[in-house]
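Per-entry structural report
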Amino acid sequence: MQHPSHPARGTRGMATAPNALASQSALAVLREGGNAVEAMIAAAATIAAVYPHMNSLGGDGFWLISRPGHAPLGLEACGAAAGAASIDSYRARGLDRIPFRGGLAANTVAGTVSGWDAAYTWSRQELRGRMPVARLLEDAIGYARDGIPVSRSLSACIAAKRDELADVPGFAQTFLPDGEVPAIGSRFCQPRLAATLLQLAMRGLDDFYQGDLAHSIAGDLERVGSPLRLSDLQSHQAVWKTPLTLAHSLGTVYNMPPPTQGLVSLLILGQLDRLLEDGMDPLGAPFVHACVEATKQAFAIRDRDITDPAYMSIDPQQLLAAERLDEMAARVRPGMAGAWAGGKGPGDTVWMGVIDADGVAVSFIQSIYHEFGSGVVLEHSGLQWQNRGCSFSLDPQSRNPLMPRRKPFHTLNPALARFSDGRTMVYGNMGGDGQPQSQAAVFNRIAHFGMNPQAAIDAPRWLLGRTWGNSSETLKLESRFPPDTVQTLRALGHPVEVLQAYDETMGHAGAIVRHADGLLEGGSDPRSDGAAVGW
């Protein structure tokens, strides 16, 4: 094992995010008397300004909110396809698939700001939240206006995607000032984004969909060739959802229903609850093998069944019934790697968690799908627009065919657990197919193996499937796994590929645990620019 990893500890509140500035924005709100929901809105605004390769106001968001004495709530803030987006309209352009970049990739409404708005309203009504929106966006406005020091992650990502995105409308103007990749540590300013955030602070968050900002956004989207129009923005709203629940031997685990892959994460944990044995090594081959085989079965169900819930024929909650999980676990062979059909690939995202002094806990994800989303940066608002809709198919017989106003499949899935011993945990990860896999690693290292959140996140992880720029479906392991683990997994039939010691391919994980006595422990990912901070 590694040397002991020390978690952040606190008594009155805690936040974790993959960029430390976002964690601090959340903590500042908590210290000023704000609640966890208000703190998360502040963190969401800040991280959109300081981690623009991973998320934006032009993306989608999902919330899980746990409040002591009440059932957890889910909030789906994801946008549907444009009313003018149809298979025929893309095929008429000679396309057999939706482009990953450019205006035609920007074909779904950005929902995340509607989630901030709905959560803010709920906070005022249910938690007596009193923080003005202008205070919650204050840090983000300053970072966009005055600039941020460019992180290694941002500089490297711009450099890697420069050739692909330089000609996409608005990208070079925003991310290649003076025609060059911003150097690590240089000042990066986004004055148009600052003005947009200030307008939301002054006019209200619904200005994004109903006001002057909506008209600006719609005009800019049309000019870059997007099928989105003002009517698409005006008809959008965030939706409160009942989370999926997994009855676990240690408590209850919650995640978001479709169109997210939250079901996948819970199916994996449900199988592992039946497969893990006392005395297993959390870095050993039997543990990793069980996780990988459970993942393959869960991915098969995902690829067969999960889509916009309006078009699903099964109830995903029924798939979490004990007898279904028993059958799945029984199919895992401890001595042999099973076959699988391949994954969906990765996605760039941020997961963040906040828990306040009253025990209100928020697990939150915000994403633009690929790095920099569609690559489009809108001329007047400075907003990057997501490309989540490129996950639609132009085959009408597929599981997720493009249709007007249909919601796309989402890899995003924030997680939350309530343990029988009185603990509450928020946890999650970015990274497409990697999200449920890292959730399985972090959850079980904390819940089953008793590791603290920081140690569970620091420990080496694995990823089954593809990563950006890499079409291989190998089982990727960080090099810090013991050699015996690597050798044994290969002997079981896994096509193992060894990556760097702390590889960003594994995504950015985070977790906060609130103990029954109210004390807090948190962890952030050394693979990110993040921090867990408490008070």
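Residues numbered from 1 in each chain as written. Predicted model: local features only at pLDDT ≥ 70, side-chain atom pairs only at ≥ 80, totals over all residues. Heavy atoms only, no water.

The name an unreviewed UniProt entry assigns to the protein is Gamma-glutamyltranspeptidase, from the organism Bordetella ansorpii.

Another point: the sheet that holds strand S16 (residues 496-499). Spatially, three strands are ordered S14-S15-S16 in an open sheet, and the strand pairing comes out mixed. Every other strand in the sheet has two partners, leaving strand S14 (462-464) and S16 as the edge strands with one partner each. Across the sheet, the axes of successive neighbouring strands diverge by a mean angle of 20°, strand direction being ignored. As defined by bridge partners, S14 adjoins strand S15 (residues 475-478) across three bridges and the pair is classed as antiparallel. Residue pairing for S15: Leu463 is matched across the bridge by Lys476. (Pairing = 2+ DSSP bridges. Helix = DSSP H or I, 4+ residues; strand = E, 2+ residues; numbered from the N terminus. Axes fitted to C-alpha atoms, helices over the stretch in contact; angles between N-to-C directions.)

For the rest of this paragraph, the subject is the nonpolar core. The nonpolar side chains of soluble globular proteins are, as a tendency, buried together. Grouped together as the largest cluster of nonpolar side chains are 97 residues, with contacts concentrated most on Leu57, Trp63, Trp116, Phe208 and Trp385. The leading source of residues in this core is helix H2 (residues 36-50), at 13 residues. Not counting residues up to four positions away in its chain, the partners in contact with Trp116 are Ile41, Ala44, Ala45, Leu57, Trp63, Leu137, Leu205, Phe364 and Gln366. Among the nonpolar cores identified, the runner-up in size contains 60 residues, and Leu244, Leu276, Phe287 and Met451 belong to it. (Core = buried A, V, L, I, M, F, W, Y, C linked by side-chain atoms within 4.5 Å. Buried < 20%, exposed > 50% of the residue type's maximum accessible area, 1.4 Å probe, protein only. Contact = heavy atoms within 4.5 Å.)

Our focus in this paragraph is unusual backbone geometry. Of the consecutive residues Pro258 and Pro259, the connecting peptide bond is found in the cis state with omega at 20°. Mapped onto the elements of the fold, Pro259 is located in the loop between strand S9 (251-255) and helix H13 (262-275). The backbone of Tyr369 sits at a positive phi, close to 75°, despite the residue not being glycine. In this structure, Tyr369 sits in strand S11 (residues 361-369).

Looking now at the pattern of salt bridges. Tallied over the full model, the rule gives 24 salt bridges. In this structure, the salt-bridge partner of Asp220 is Arg223, at a minimum N-O distance of 2.6 Å. Taken together, the positions of Asp220 and Arg223, both in helix H11 (residues 212-223) and three residues apart, correspond to about one turn of that helix. Residue Asp220 is classed as buried on the basis of its relative accessible area, which comes to 2%. What makes Arg223 exposed here is its relative accessible area of 57%. Within the structure, one salt-bridge network assembled from shared partners comprises Arg461, Glu478, Arg480, Asp525 and Arg527. (Salt bridge = Lys/Arg side-chain N within 4 Å of Asp/Glu carboxyl O.)

This brings us to the pairing of strand S18 (residues 520-524). In terms of burial, S18 is largely enclosed, as five of its five residues are buried. Where burial is concerned, the two faces of S18 agree: the one with Leu520, Gly522 and Ser524 and the one with Glu521 and Gly523 are both buried. As paired elements, strand S1 (residues 8-10) and S18 share three bridges and run antiparallel to each other. Across the sheet, residue Ala8 finds its bridge partner in S18, namely Gly522. Summarising the sheet, strand S17 (residues 509-514) and S18 pair through five bridges and their orientation is antiparallel.

The next subject is the side chain of Arg302. By the secondary structure assignment, Arg302 is in helix H14 (residues 285-305). According to the relative accessible area criterion, Arg302 is buried, its value standing at 1%.

Further remarks concern the packing of aromatic side chains. Summed over the entire model, instances satisfying the criterion amount to 13 aromatic pairs. Judged by centre distance (5.1 Å) and plane angle (85°), the rings of Phe287 and Phe449 are edge-to-face. Of this pair, Phe287 sits in helix H14 while Phe449 sits in the loop between helix H16 (434-447) and helix H17 (453-458), and the two are 162 residues apart along the sequence. Phe287 gets classed as buried once you look at its relative accessible area, which sits at 0%. One aromatic cluster is present, built from ring pairs that chain together Phe171, Phe175, Phe188 and Phe372. For the cation-ring pair, Arg423 lies above Phe419, with the distance from its terminal atom to the ring centre recorded as 4.5 Å. (Phe/Tyr/Trp six-rings, centres within 6.5 Å; stacked < 30°, edge-to-face > 60°. Lys NZ or Arg CZ within 6 Å of the ring centre and 35° of its normal.)

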